[in-house]
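Chains, contacts and geometry: an overview
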Amino acid sequence: MGTFDLALGKARTSRAFQAPSSAFVHLIQLGQPLFSVNSVGGGQYVILQGGLPLVVNGVLHGALGVSGGTPDQDEAIANAAAALLQASNTKE
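Residues numbered from 1 in each chain as written. Predicted model: local features only at pLDDT ≥ 70, side-chain atom pairs only at ≥ 80, totals over all residues. Heavy atoms only, no water.

**Observations concerning the pattern of salt bridges**
Note the following rule: Each salt bridge in this description consists of a side-chain nitrogen of Lys or Arg and a carboxyl oxygen of Asp or Glu lying within 4 Å of one another. Under the scheme used here, helices are H or I runs from DSSP no shorter than 4 residues and strands are E runs no shorter than 2 residues, and both carry numbers assigned from the N terminus. The cut-offs for exposure are 20% and 50% of the maximum accessible area for each residue type, with area from a 1.4 Å probe on protein chains only; residues under the lower value are buried, those over the upper are exposed, and the others partly exposed.
As enumerated under the stated definition, the model contains 1 salt bridge in all. With a shortest N-O distance of 2.9 Å, Lys10 and Asp74 are connected by a salt bridge. You can see Lys10 sitting in helix 1 (residues 2-17) and its partner Asp74 sitting in helix 2 (residues 71-90), a full 64 residues away along the chain. In terms of burial, Lys10 and Asp74 fall into one category: buried.

Shown next, in the form of structure tokens:
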């Protein structure tokens, strides 16, 4: 059950900031400039690997989040899914 909430939070984070959720991991560590930012918005933002914004022709259409594996696995699956979506939008 928790992986669903994590995936949703990763997607929400990448959509809100229009960047991969992993882009902020190094910034939230103790002593870094954005430490504790993941508590903003009632903890709805999840700053872990696995969230990607979905941009088609420069327009943000949403985001996807993946959770359930290791951080590297989540990110690899998210990248593969985003690539498939991008490929399906370029076919005519």
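On we go.
**As for the confidence of the model for the chain**
We apply this condition: Each residue carries a pLDDT value, the predictor's own confidence for that position, ranging from 0 to 100.
Of all residues in the chain, 96% have pLDDT values of 70 or greater, and the mean over the chain is 88. Summarising per-element confidence for the chain, the mean pLDDT is lowest in helix 2 (90) and highest in strand 2 (residues 59-65) (94).

**Section: the side chain of Ser14**
Threshold: By the criterion applied in these results, polar contacts are pairs of N or O atoms within 3.5 Å in which, for protein atoms, one can donate a hydrogen and the other can accept it, and in which residues neighboring in sequence qualify only through two side-chain atoms. Working rule for contacts: check all heavy atoms of both residues, and any pair within 4.5 Å makes them a contact.
Inspection of the secondary structure puts Ser14 in helix 1. A polar contact of 3.3 Å, which involves the side chain of Ser14, links it to the backbone nitrogen of Leu52. Excluding anything up to four places from it in sequence, Ser14 contacts Ala19, Pro20, Ser21, Gly51, Leu52, Pro53, Ala63 and Leu64.

**Points about the nonpolar core**
Note the following rule: By convention a nonpolar core is built from buried Ala, Val, Leu, Ile, Met, Phe, Trp, Tyr and Cys residues, the set being connected through side-chain atoms within 4.5 Å.
One finds Leu52, Leu54, Leu64, Val66, Ala78 and Ala82 forming the largest nonpolar core, which totals 6 residues. Mapped by element, the contributors of at least two residues to this core are strand 1 (51-56) and helix 2. In this view, Leu64 contacts Ala11, Ser14, Gly50, Gly51, Leu52, Leu54, Ala78, Ala81, Ala82 and Leu85; residues no more than four positions away in its chain are not counted.

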